[in-house]
Amino acid sequence: MESVYFYEDKVSKDVAKVLEDDFFKRIGYTVRECCKLLGSERKGYFLYIKANSEEIDRAEEKFEGVGLEKLTGEEKKLVTAAFVAEEENAASGMGMIFG
């Protein structure tokens, strides 16, 4: 299961503090500036988490009151696709190095 969130720069320190939790280190996550991903008009960051539904629910509990906006619909599809493409490009690059 994949979940994508948006947050503004003004809450980035609060989000970073939550992400320091060992829970997030175990499940893994990716943060990208909006302008660097898809040329988004938003000013802030996207947070991408790929985990099972229980872990996503637990992550959302930890983020309560921090100022994250969960993406849905077409925007979620576009941003998720950009994160997946970035992962695939990185993996293929490693294959070229060690292949």
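About the criteria used
Residues numbered from 1 in each chain as written. Predicted model: local features only at pLDDT ≥ 70, side-chain atom pairs only at ≥ 80, totals over all residues. Heavy atoms only, no water. Helix = DSSP H or I, 4+ residues; strand = E, 2+ residues; numbered from the N terminus. Contact = heavy atoms within 4.5 Å. Polar contact = N/O pair within 3.5 Å; in protein donor to acceptor, adjacent residues only side chain to side chain. Pairing = 2+ DSSP bridges.

Q: Where do I start with the environment of Tyr5 in this structure?
A: By the element assignment, Tyr5 lies in strand β1 (residues 2–7). Put simply, Tyr5 and Thr72 are 67 residues apart on the chain and 9.0 Å apart in space, counted from C-alpha to C-alpha. Residue contacts for Tyr5: discarding those within four places in its chain leaves Tyr45, Phe46, Leu47, Ile49, Ile56, Glu60, Leu68, Glu69, Lys70 and Leu71. A polar contact is formed between the side chain of Tyr5 and the side chain of Ser3, at a distance of 2.9 Å. One polar contact links Tyr5 to Glu60, side chain to side chain, over a distance of 2.7 Å.

Q: How should the environment of Val11 be read in this particular structure?
A: By the secondary structure assignment, Val11 is in the loop between β1 and α1 (12–19). Sequence separation between Val11 and Val66 is 55 residues; the distance between their C-alpha atoms is 7.0 Å. Ignoring anything within four residues of it in the chain, the contact list for Val11 reads Val66 and Gly67.

Q: Teacher, can you tell me more about the sheet that holds strand β3 (residues 45–50) here?
A: Hydrogen bonds between backbone groups are what pair the strands of a sheet, and the pairing can be parallel or antiparallel. Taking strand neighbours across the sheet as the criterion, the four strands line up as β2-β3-β1-β4 in an open arrangement whose pairing is antiparallel. The open sheet has two edge strands with one neighbour each: β2 (30–33) and β4 (69–70). Across six bridges, the pairing between β1 and β3 is antiparallel. The partner of Phe6 across the bridge, within β3, is Phe46.

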